[in-house]
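Reading the structure
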Amino acid sequence: LLLLLGGAIGANLFLNRGTQSSVPGQVFFQDDALGRNDQIRIELANISNPPSGSTYVAWLQNVNDHAEYLGVLPVVNGKVSYLYPGNTGHDNLLSFAKGILITTESAGKTPKNPSDHIVYQAAYDTKLLPNLRNLLYSTPGLPEKQAVTSSMFENIKSINDKAVSTVDSLQSTHDTGLAQRQATRIIELIDGSAYARSSGDLPAKLAGRIDARIGLISSPGQTGYIDLLDEQLDALKANAGNNTELLQHIANAKNAVVDLRDWVQKMRTYDVQILKAANLADPAITATALQLKQEAANSYTGRTIPPDSSPRPTLGSAGAYQAYTETQYMAALNLKAA
């Protein structure tokens, strides 16, 4: 899903902003199946062909002012749509990215360094870079190189899968043992394994199933993913100044935080009822599992009405999908003529 999401973010970003902005194009980072923010998509519109005998070439400027070759940008009908597939290590490019250059170079050659003929460029605000890296590369308070938004997204996806399995186990296969094991995993992902046990949400008679050091919600001594995300959004907002576009993305992501706090607490209530049920075959428990499944779906994808699958920037519609999408938007760059 994240691979598909990355492509959707890029397409929507360019289509939604390209007609409203005078900038010739955008650069944004996306995930592939092997890494986070390890790919770069470049979109340009209404540009002329390069001079005869030349090509447009894209470069990634890193924090050491070294330019990494990204590739030749083919122009088709005045447009460029180019995907840099990442380096061999599938490194998170945001961990060292500083900006983007597009130069003209001699056709038929692979240059080692950019020429002085810069036609388009974009660079990050140095005040914002640490905040963006905290959100999308390595978040303080998490194990090294874990980013809060993607970690939260993965945990909620896992809960959604397990909530579906819980309902299927109770309704179709009547495997109450599997339903109980899935409910145990869910509460550990919500609370964190240690707090699930100490709080009593996970009854003493039930064995733990996973080792979740961090939960979605905060516990004594450990900030949960949702609160960690909120803290990072506040830190970014403090440095955003009058950047109205960035401030809107932050506001949208914070709407997702509010919604997630509500939906995750409801999931917690329903899941604990399942874990503490005297008889999992009771139809009332199946009804509770269905409520758990609905709140898990809300948390995962938000509340949207097909065929409009885009979460709205309003309370009651967002979820982990919107939180992830909005933080990816925050790292996008507007290309400008040099």
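Placed above this text is the structure.
Scope of this entry: the structure provided in the associated data block. Just so it is clear, the model here is predicted, and its values are computed rather than measured.

**What to know about the pairing of strand β4 (residues 67-73)**
In this sheet, β4 lies alongside strand β3 (residues 54-62) in antiparallel orientation, the contact comprising six bridges. Pairing of Leu60 across the sheet is with Glu68, part of β4. Here β3 hands over to β4 after four residues, with Asp65 in that stretch at a positive phi of 65°.

**Quick look at the packing of aromatic side chains**
According to the stated counting rule, one finds four aromatic pairs in the structure shown. Members of the aromatic cluster, connected to one another through ring pairs, are Phe153, Tyr300 and Tyr324.

**Topic: the pattern of salt bridges**
Summed over the entire model, instances satisfying the criterion amount to twelve salt bridges. Among the ionic pairs, Asp65 bridges to Lys98, the shortest N-O distance being 2.6 Å. Within this pair, whereas Asp65 is found in the loop between β3 and β4, its partner Lys98 is found in strand β6 (residues 97-106), the two being separated by 33 residues in sequence. Accessibility expressed as a relative area gives 53% for Asp65, which makes it exposed. The salt bridge partner of Lys254 is Asp234, with a shortest N-O separation of 2.8 Å. Here Lys254, found in helix α7 (residues 244-275), pairs with Asp234, found in helix α6 (residues 225-238); they are 20 residues apart in sequence, far enough to count as distant. Judged by its relative accessible area of 38%, Asp234 falls in the partly exposed class.

**Brief notes about unusual backbone geometry**
With glycine set apart, most residues show a phi of negative sign, and most peptide bonds adopt trans. For Asn46, which is not glycine, the phi dihedral falls at a positive 55°. Asn46 gets classed as exposed once you look at its relative accessible area, which sits at 78%. The phi dihedral of Asn77 is positive, around 55°, even though this residue is not glycine. Here Asn77 lies in the loop between β4 and β5 (80-84). Classification of Asn77 as exposed rests on a relative accessible area of 75%.

**Remarks on the sheet that holds strand β1 (residues 25-32)**
Pairing within the open sheet is antiparallel, and its eight strands lie in the order β4-β3-β6-β7-β8-β1-β2-β5. The open sheet has two free edges, formed respectively by β4 and β5, since each of these has just one partner strand. In this sheet, adjacent strand axes meet at a mean angle of 25° when their direction is disregarded. Where β6 and strand β7 (residues 118-123) come together, five bridges link them in antiparallel fashion. Each residue of the ladder has a partner; that of Gly99, found in β7, is Ala123. Helix α9 (residues 320-330) rests against β1 and β2 (35-44) of the sheet, and its axis sits at about 135° to β1.

What counts, and at which threshold
Along every chain, residues carry numbers that run from 1 in the direction the sequence is written. Two thresholds apply to this predicted model, a pLDDT of at least 70 for residue-level local features and 80 or more for giving and counting side-chain atom pairs, whereas whole-chain, interface and lining totals are computed over all residues. Values reported for side chains reflect all heavy atoms of the structure, with hydrogen atoms and water molecules removed beforehand. Note: two strands are recorded as paired if DSSP finds a minimum of 2 bridges between them. Secondary structure is summarised from DSSP: a helix means a run of H or I of at least four residues, a strand means a run of E of at least two, and numbering begins at the N terminus for each. Aromatic pairs are defined between Phe, Tyr and Trp rings, using the six-membered ring for Trp, whenever the two ring centres lie within 6.5 Å; interplanar angles under 30 degrees are classed as stacked, those over 60 as edge-to-face, and all others as tilted. The rule for a salt bridge is simple: a side-chain nitrogen of Lys or Arg has to be within 4 Å of a carboxyl oxygen of Asp or Glu. Relative accessibility under 20% of the residue-type maximum defines a buried residue, over 50% an exposed one, and the middle range a partly exposed one, all with a 1.4 Å probe and only protein chains included. For helices, the fitted axis covers only the stretch in contact; all axes are lines through C-alpha atoms, and the angles between them, taken along N-to-C directions, range from 0 to 180 degrees. Residue contacts follow a heavy-atom distance rule, with two residues in contact if any of their heavy atoms lie within 4.5 Å.

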